[in-house]
Amino acid sequence: MTGVAARWRILLVGTQLSLACAGDATAPVPPSRIVFAGRVERSALVVASLVDSAGAAVGSAVTWSVSPATAAEVRRDTIVWRDTGPVTVSASVMAPDGATRARVERVVTVARPPRLVFWALRSISGTGNRDIWTVDLDGGGLRRVTTDAADERWPTARNGQVVFVRFGPSGTADLWRTPLDGGTAVRLTTDATREESPRWSPDGSQLAWVDATQLFFRVWLRNADGTQPRRFAPADVPIASLVEGVPAWSPDGARLVFPAQRDTAGGSAPTLWIGAVNGAGGSATPLAGGPGLGVNTQPTWSPDGAHVVFVSTRDGPADLYRVQVTTRTTARLTTGCRCGEPAFLGDGRLVFVQFADSAGTTTRRLRWLDPAAPSVTYPIATGGDAEGPQPALP
């Protein structure tokens with residue numbers, strides 16, 4: 001598994017390496033190794049197995065343990081990682097008389113879960129202004145990043161820095177940057193433009209954002225230091241009532257996907273479009289949505305570049321859908337989720353906001369899912385309402 005260091009050793013107990021096999025209590029133990037089904041990540045659960053070189057299970061009586069003992073919780077062959085760092089996992093092969101005949105060890109490095117940034121009310125209890133916060137996927141490391149009295153929203157994080165929007169007393173909205181782990185915030189923009197929903201490019205050199213200065217929003221680009229604002233040309237078409245929404249970068253930084261309402265009468269629901277960052281004016285092409293397919297918005301691009309996940313109301317309340325970028329084939333990920341603001345993590349997992357529970361009660365809770373098994377979603381503990389989750393990328 002990526003990011004996991006491992007080493008193996010088989011330890012002899014007594015003078016003979018053996019285990020009780022069917023019909024033969026002295027059959028030698030084949031070369032064995034420990035494998036895990038699941039992520040070697042703090043708070044994650046894995047199922048451990050002892051297998052031979054062909055992947056077949058070795059022995060029917062295996063006792064599991066870890067060192068240090070506080071690093072994980074062991075329940076038979078199930079291990080829940082409780083801390084990060086090196087952990088030695090041991091599989092002791094037992095003989096019929098209960099004696100340990102052989103032991104196999106694997107040393108792994110338990111990883112820290114992916115880190116997120118989000119915005120929430122200062123008290124996390126429903127009062128005060130909104131600030132930028134950070135938290136790990138398992139709820140650990142919850143910490144407020146900004147403490148200014150102004151309202152702050154829409155964080156995007158990369159290379160240990162967070163860019164966000166801070167609202168001024170006269171209704172202005174400017175881009176600011178601050179270290180993720182604390183420090184002085186620096187103002188990036190001071191013009192009359194009202195910036196919203198910035199998104200950092202994969203190489204960290206640019207910001208895509210939404211100009212909300214006028215009634216009809218537009219996607220723009222800036223350098224990461226806030227200089228050289230410029231219209232995202234592929235989205236620029238001669239429609240007075242054009243409305244565009246929050247963009248998302250492709251993993252290679254060459255394209256943007258964004259929602260846009262392009263009906264000349266201003267009455268159609270948003271459709272997703274794709275355009276090259278350096279493309280010609282008006283060259284964006286449709287990706288998902290259209291007449292009769294509801295609102296299609298809030299896209300996020302998968303790390304492998306193959307899919308875009310977005311929010312749609314085509315089948316009722318807002319759910320998550322996935323479209324294949326090349327074929328334009330669309331599949332539903334969630335049912336009855338009442339959710340939005342999806343964002344891919346670097347490992348392919350997806351975070352999002354659930355805006356209402358199954359009973360219809362209004363909430364703003366962060367959750368995550370694995371697109372390979374989207375029917376199961378997992379809560380992210382933030383102590384209260386939260387919105388706008390984005391990965392804190394390296």
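Since the model is a prediction, treat every value here as computed from it, not as a measurement.

Caption draft 1: Focus on the overall build of the chain. Each helix and strand counted, the chain has zero helices and 33 strands in total. Evaluated residue by residue, the chain yields a buried proportion of 47% over its 394 residues. When contacts within the chain are restricted to residue pairs at least 6 apart in sequence, long-range pairs at least 24 apart make up 42% of them. Of the accessible surface of the chain, which amounts to about 17,400 Å², a share of 52% is contributed by carbon and sulfur atoms.

Caption draft 2: Quick peek at the sheet that holds strand S6 (residues 78-81). Strand order across the open sheet formed by four strands is S2-S3-S6-S5, with antiparallel pairing between neighbours. Of all the strands in the sheet, the pair left with one neighbour each is strand S2 (32-37) and strand S5 (72-75). The mean angle between the axes of side-by-side strands here comes to 30°, regardless of whether they run parallel or antiparallel. Across three bridges, the pairing between strand S3 (residues 45-52) and S6 is antiparallel. Within S6, the position partnered with Val46 by the bridge is Ile79.

Caption draft 3: Region of interest: the nonpolar core. Grouped together as the largest cluster of nonpolar side chains are 22 residues, with contacts concentrated most on Ile34, Phe36, Leu50, Ile79, Trp81, Val87 and Val89. Apart from residues no more than four positions distant in its own chain, Val87 is found in contact with Val66, Ser67, Ala71, Trp81, Arg106, Val107, Val108 and Val110.

Caption draft 4: Main features of the environment of Asn278. Counting through the fold element by element, Asn278 comes out in the loop between strand S23 (271-276) and strand S24 (285-288). Through-space distance from the C-alpha of Asn278 to that of Phe232 is 8.4 Å; in sequence the pair is 46 residues apart.

Caption draft 5: Main features of the pattern of salt bridges. According to the stated counting rule, one finds 25 salt bridges in the structure shown. Among the ionic pairs, Glu73 bridges to Arg82, the shortest N-O distance being 2.7 Å. Given the relative accessible area of 30%, Glu73 is considered partly exposed. Its salt-bridge partner being Arg231, residue Glu244 comes within 2.9 Å of it at the nearest N-O pair. Of the two residues, Glu244 is situated in strand S20 (residues 243-244) and Arg231 in strand S19 (residues 230-231); the sequence distance between them amounts to 13 residues. There is no split in this pair, since Glu244 and Arg231 are both buried. Look at the salt bridges and you will find they share partners, linking Arg42, Arg112, Asp136 and Asp138 into a network.

Thresholds applied
- Residues numbered from 1 in each chain as written.
- Predicted model: local features only at pLDDT ≥ 70, side-chain atom pairs only at ≥ 80, totals over all residues.
- Heavy atoms only, no water.
- Helix = DSSP H or I, 4+ residues; strand = E, 2+ residues; numbered from the N terminus.
- Buried < 20%, exposed > 50% of the residue type's maximum accessible area, 1.4 Å probe, protein only.
- Contact = heavy atoms within 4.5 Å.
- Areas by Shrake-Rupley, 256 points an atom, 1.4 Å probe, with all protein chains shown as cover.
- Pairing = 2+ DSSP bridges.
- Axes fitted to C-alpha atoms, helices over the stretch in contact; angles between N-to-C directions.
- Core = buried A, V, L, I, M, F, W, Y, C linked by side-chain atoms within 4.5 Å.
- Salt bridge = Lys/Arg side-chain N within 4 Å of Asp/Glu carboxyl O.

Coordinates in, geometry out; function isn't part of it.
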